[in-house]
Amino acid sequence: MRLRGRQIDCVRGGRAVFSGLDFEASSSHALAVIGPNGSGKTSLLRLIAGLLVPAGGSVALEGGADELTLPEQAHYLGHRDALKPALSVLENLSFWRDFLGGDASDPNESLAKVGLAHATHLPAAYLSAGQRRRLSIARLLAVRRPVWLLDEPTSALDAAGQDLFAGLMQGHLARGGIIVAATHAPLGIEADELRMGGGK
Amino acid sequence: MTALAALIRRDIRIALRVGGGALIGVLFFLTVTVLMPFALGPDLALLTRLGPSILWLGALLASLLTLDRLFTSDHEDGSLDLIVMGRTPLELACAAKALAHWLAAGLPLILATPVLGLMLNLDATATSAVALTLLVGTPALTFIGMIGAALAVTLHRGGLLLAVLVLPLSIPVLIFGVAASQAAISGPLPFGTPFSILCAISLVSFVIGPFAAAASLRHGLD
């Protein structure tokens, strides 16, 4: 499996964020997207996720499932946690497992893996920023998708949480997955680097 | 199917919990209808004549009251991104969200109608006629309003836009809803004529609403 972007141009609000960008990530490899604020890291991830339309160029997943589009085979972990404060931790995760569908596993197990097993019935409104992040990460485990698109995944996580997440990413790569992560902090795993906004 | 059922279950659950919008609509409906007899004075004949219109107006405004949150809350917390990326067609997801909204916010209005009918001196026939037309007409309001809610996603002050966009589109529903209720109560028109048109408007909105909302959500994502 290979995720490949060719000559991508991204225009937002009439301003060219980046142009002529090429990147490639293959199975069992992580790609760390690094660059200063405003260099288009988030835009690139949203573009891969199909949430932004490129002004030029294309992104494709080669060797994936034929009948599914790239966004349907990807997990997107953005700045916003996609959690409902009124629902409990377990309800939040169960909803995403049922909605995203596909190859799903037991939500309780995923919660245990991210260290939230003690809080399953707590409303998400009472979670700390780090716990909310852990709950979002549990979504990546509850439903299996080959491509993980991560936007600052380790922000708000404590040192133990960062180690834990590095282990989870390692496991995903070992199963042949692809990770594209926009980050300032080191990911804790071996990753190729894609530098954004270097020329400006 | 599990995906859609999960979406409907989640939205209803959120609406019914503390801070959800389910009760706001009914409370508004109740307030408008209860205040009306005080404003109009103790003329029972007048109340009976105006009753169906008052109930319909209250229900229309109440069902639009919470509609602007239909997509904005999902947009703000990032859920909408994942819904758009999901394997469920966005049109179906929109229809499921509208259905959940109607079940949580529209259905209680219809259940409240018999009680409020008493306040407006409506007899059993008149009340059931109004309740029946509301049952058929309020889904149309939700599905039409959903288009405005989807357009409001990327704009601030979406609530204002929603009212301006959706109210003109909901006028036909109001006209035929009230006409059918009046026909059942006083005639001279047979009940079936305006009622069939009301049903037709609802069916059309079920088709157009989800497609228009999904199109505007895809276009508005940024």
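All of these numbers come straight from a predicted model, not from anything done at the bench.

J.: It is not clear to me how the overall build of chain B should be interpreted in this structure. Could you clarify?
T.: For chain B, the count of helices and strands is nine helices and zero strands. A globule of 222 residues ought to have a C-alpha radius of gyration of about 17 Å, and chain B, at 18 Å, matches this closely. In terms of its C-alpha atoms, chain B occupies a principal-axis envelope of roughly 55 × 35 × 30 Å. Buried positions account for 51% of the 222 residues belonging to chain B. Counted over contacts in chain B with a minimum sequence separation of 6, partners at least 24 positions apart contribute 79%.

J.: Any chance you could explain helix H9 (residues 192–220) of chain B here in plain terms?
T.: The end-to-end C-alpha distance of H9 of chain B, which contains 29 residues, comes to 41 Å, matching closely the 42 Å that a straight helix rising 1.5 Å per residue would cover. Approximately 30 degrees is the largest bend angle found in H9 of chain B, and it occurs at serine 205 of chain B.

J.: Would you take a moment to explain the nonpolar core for this structure?
T.: Generally speaking, nonpolar side chains in soluble globular proteins are found buried as a group. With 128 residues, the main nonpolar core has Ala138, Leu149 and Val180 of chain A together with Met146 and Ala150 of chain B as its most contacted residues. When residues in this core are grouped by element, the largest group, 15 residues, is from helix H7 (residues 124–151) of chain B. With sequence-adjacent residues up to four places away left out, methionine 146 of chain B is seen in contact with Leu70, Cys94, Ala98, Gly209 and Ala213 of chain B.

J.: Mind showing me how you'd approach the sheet that holds strand S5 (residues 74–77) of chain A here?
T.: Hydrogen bonds along the backbone pair up the strands of a sheet, which may run parallel or antiparallel. Residues and elements named next belong to chain A. The five strands are arranged S5-S6-S7-S3-S8 in an open sheet whose pairing can be described as parallel. Each edge of the open sheet carries a strand with a single partner, namely S5 and strand S8 (192–195). Pairs of neighbouring strands in the sheet enclose a mean axial angle of 15 degrees, with direction left out of account. Bridge count for S5 against strand S6 (residues 147–151) is four bridges, and the pairing is parallel. For alanine 74, the partnering residue across the bridge sits in S6 and is valine 147.

J.: Quick question: what am I supposed to make of helix H1 (residues 2–16) of chain B here?
T.: Side chains of residues three or four places apart in an α-helix project in the same direction, reflecting 3.6 residues per turn. In this model, H1 of chain B (15 residues) spans 21 Å end to end at C-alpha, consistent with the 21 Å of a helix rising 1.5 Å per residue. Residues of H1 of chain B that are buried include every one of Ala3, Ala6, Leu7, Arg10, Asp11, Ile14 and Ala15 of chain B, and no others. One side of H1 of chain B holds all its buried residues, which, seen down the axis, span an arc of 160 degrees. Away from its buried face, by an angle of more than 90 degrees, H1 of chain B presents the exposed residues Thr2 and Ala5 of chain B. On its buried side, H1 of chain B packs onto helix H2 (89–100) of chain A together with helix H2 (22–40) and helix H6 (90–119) of chain B.

J.: Looking at this model, I keep getting lost on the interface of chain A and chain B. Mind explaining?
T.: By a widespread convention, an interface's size corresponds to the accessible area lost as its parts come together. Facing 21 residues of chain A, the contacting portion of chain B comprises 20 residues. Put simply, the parts of the chain that give the side of chain A that touches chain B at least two residues each are S5 and H2 of chain A. When residues in the side of chain A that touches chain B are grouped by element, the largest group, four residues, is from H2 of chain A. When the residues that make up the side of chain A that touches chain B are grouped by side-chain class, the tally is twelve nonpolar, four polar and five charged.

J.: When you look at the environment of aspartate 81 of chain A in this model, what are you seeing that I'm missing?
T.: Here aspartate 81 of chain A shows up in the loop between S5 and H2. With 21 C-beta atoms counted inside 10 Å, the residue aspartate 81 of chain A sits in the buried group. The spatial distance from the C-alpha of aspartate 81 of chain A to the C-alpha of serine 136 of chain A is 6.0 Å, given a sequence separation of 55 residues. With residues up to four places along the chain from it excluded, the contact list for aspartate 81 of chain A reads Arg132 and Ser136 of chain A together with Asp77 and Gly78 of chain B.

J.: When you look at the packing of H6 of chain B against H9 of chain B in this model, what are you seeing that I'm missing?
T.: To describe two helices that pack against each other, one gives the angle between their axes and the distance between the axes. All names here are of chain B. Interhelical geometry of H6 versus H9 gives an angle of 115 degrees and a closest axis separation of 8 Å. The interaxial crossing formed by H6 with H9 has right-handed handedness. Listed contacts from H9 to Leu90, Glu91, Cys94, Ala95 and Ala98 of H6 are Gly209, Pro210, Phe211, Ala213, Ala214, Leu217 and Arg218. Taken together, the residues that form the contact of H6 with H9 break down as nine nonpolar, one polar and two charged.

J.: Any chance you could explain the confidence of the model for chain B here in plain terms?
T.: When pLDDT is low, close inspection of the predicted coordinates is not appropriate. Per-residue confidence for chain B gives a mean pLDDT of 88, with 97% of residues at or over 70. Interface scoring of the predicted complex returns ipTM 0.89; its pTM is 0.89.

J.: Honestly, the packing of H2 of chain A against H1 of chain B in this entry has me stumped. Any pointers?
T.: The contact between H2 of chain A and H1 of chain B brings their axes to 7 Å, and the two run at 150 degrees. The angle between H2 of chain A and H1 of chain B places the two elements in the roughly antiparallel class. In this structure, H2 of chain A crosses over H1 of chain B, and the sense of that crossing is left-handed. Seen from H2 of chain A, the contacting residues are Phe95, Asp98 and Phe99 of chain A; seen from H1 of chain B, they are Thr2, Ala3, Ala6, Leu7 and Arg10 of chain B. A per-class count over the contact of H2 of chain A with H1 of chain B returns five nonpolar, one polar and two charged.

J.: Any chance you could explain the environment of asparagine 121 of chain B here in plain terms?
T.: Residue and element names in this part refer to chain B. In this fold, asparagine 121 is placed in the loop between H6 and H7. The class for asparagine 121 is partly exposed, based on 18 C-beta atoms found within 10 Å. With 73 residues separating them along the chain, asparagine 121 and threonine 48 place their C-alpha atoms 5.5 Å apart. Excluding its chain neighbours within four sequence positions, the residues that come into contact with asparagine 121 are Leu44, Leu47, Thr48 and Gly51.

J.: Can you walk me through the sheet that holds strand S1 (residues 2–12) of chain A in this structure?
T.: Residues and elements named next belong to chain A. In spatial order, the strands read S2-S1-S4; together these three strands make up an open sheet with antiparallel pairing. Two strands bound the open sheet, and with one partner strand each, they are strand S2 (15–26) and strand S4 (56–62). Mean inter-strand twist for the sheet, computed between neighbouring axes without regard to direction, equals 15 degrees.

J.: I'm lost on unusual backbone geometry in this one. Help?
T.: The phi torsion of most residues other than glycine is negative, and most of the peptide bonds are trans. With a phi angle near 45 degrees, glutamine 7 of chain A is a residue other than glycine that sits in the positive phi range. Here glutamine 7 of chain A shows up in strand S1.

J.: Would you explain the environment of alanine 6 of chain B in this entry?
T.: Looking at the element boundaries, alanine 6 of chain B is found in helix H1. Between the alpha carbons of alanine 6 of chain B and alanine 96 of chain B there is a distance of 9.5 Å; along the sequence they are 90 residues apart.

About the criteria used
Residues numbered from 1 in each chain as written. Chains lettered and ligands numbered in written order. Predicted model: local features only at pLDDT ≥ 70, side-chain atom pairs only at ≥ 80, totals over all residues. Helix = DSSP H or I, 4+ residues; strand = E, 2+ residues; numbered from the N terminus. Rg over C-alpha atoms; globule rule 2.2 N^0.38 Å. Buried ≥ 20, exposed ≤ 12 C-beta atoms within 10 Å, placed from the backbone. Contact = placed C-beta atoms within 7 Å. Expected span 1.5 Å × (residues − 1). Bend = angle between axes of the 7 residues up to and from the residue. Core = buried A, V, L, I, M, F, W, Y, C linked by C-beta atoms within 7 Å. Pairing = 2+ DSSP bridges. Axes fitted to C-alpha atoms, helices over the stretch in contact; angles between N-to-C directions. Arc of directions from axis to C-beta. Nonpolar A, V, L, I, M, F, W, Y, C, P; charged D, E, K, R; others polar. Left-handed = near helix turned anticlockwise from the far one by under 90°. pLDDT = per-residue confidence, 0-100. Parallel < 35°, antiparallel > 145°, perpendicular 65-115°, else oblique.

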